[in-house]
Amino acid sequence: MTTQTRTAWPERYYEEFNPETRRQLLEEALAAGEGDTAENELRRLLWERRYTRPRRNAPPADRYIALWLTLDHWRKAGPHRARAAARELGRLAPLLRPEGGGDAQALLHRELVHAVRLYLSTCARGSYGTLLMGLVRMNSDQLLEKVAREVAEVTILVPRWAGLEAEFAPLAPAAREAFELAFPEGGAALEDAFARCGQAEG
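Overview of the structure.

**Structural notes on the packing of helix 6 (residues 104-120) against helix 8 (residues 171-182)**
For step 1, the next point in the chain: Where helix 6 meets helix 8, the closest approach of the two axes is 8 Å, and the angle between their N-to-C directions is 50°. Between helix 6 and helix 8, the interaxial angle falls into the category oblique. Considering the relative orientation of helix 6 and helix 8, their crossing is right-handed. Each of H109, L112, V113, V116, R117 and L120 in helix 6 lies in contact with helix 8, whose residues at this interface are L171, P173, A174, A175, E177, A178, F179, L181 and A182.

See below:
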């Protein structure tokens, strides 16, 4: 008989993508006094900031994924729509401000890495990795280049166009880390994409 070892806290919280399961794990950790209580309270604040219910009995909606998709929308619209982008993104920028003291910035970073990893996990599926109106699948190098370009442009170019570079500064390092976790073979493509956006590593 084999026994499965339980993933240590808080790693299992960041391995889980289902919002309700994450909430349950967090509540159990708080009730059991597992891990640092102050950090877990900050995680609870981040959970409440990140997830919302659009209507009663609906599954939680992910504000960080919505933020990424909004940035991507303005990326595709282009810099000539910078004023409109600035208005909408300025309203969303508070999502990237850490709440509380202590390790709030570090925990916000982990939450952003988690959210971008969730988004990137969808990029290898469905129509994202296709060409010619979905008729041809990209090869692995083409997919890496496409995802890397999106990560760099969403986190660097769009905030620059919108004049919100400081407000969106936490997103780029989190997106870099998430990309490296999702595509460990894609470092060169990522650095090339960031260089094209005028930001070298570090």
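**Describing the packing of helix 5 (residues 82-92) against helix 7 (residues 140-162)**
For step 1, the next point in the chain: Where helix 5 meets helix 7, the closest approach of the two axes is 8 Å, and the angle between their N-to-C directions is 100°. On the basis of the axis angle, helix 5 is roughly perpendicular to helix 7. Across the interface between the two elements, A82, A85, A86 and L89 of helix 5 pack against V158, W161 and A162 of helix 7.
For step 2, the next point in the chain: Within the contact of helix 5 with helix 7, the residues separate by chemical class into seven nonpolar, no polar and no charged.

**Examining the side chain of E150**
For step 1, the next point in the chain: For E150, the position within the fold is in helix 7.
For step 2, the next point in the chain: Of the buried charged residues, E150 lacks a salt bridge, with R75 as the closest side chain of opposite charge at 4.1 Å.

Cut-offs used in this document
Residues numbered from 1 in each chain as written. Predicted model: local features only at pLDDT ≥ 70, side-chain atom pairs only at ≥ 80, totals over all residues. Heavy atoms only, no water. Axes fitted to C-alpha atoms, helices over the stretch in contact; angles between N-to-C directions. Helix = DSSP H or I, 4+ residues; strand = E, 2+ residues; numbered from the N terminus. Parallel < 35°, antiparallel > 145°, perpendicular 65-115°, else oblique. Left-handed = near helix turned anticlockwise from the far one by under 90°. Contact = heavy atoms within 4.5 Å. Nonpolar A, V, L, I, M, F, W, Y, C, P; charged D, E, K, R; others polar. Buried < 20%, exposed > 50% of the residue type's maximum accessible area, 1.4 Å probe, protein only. Lys, Arg positive; Asp, Glu negative; His and termini not counted. Salt bridge = Lys/Arg side-chain N within 4 Å of Asp/Glu carboxyl O.

Any link to function would need more than the numbers given here.
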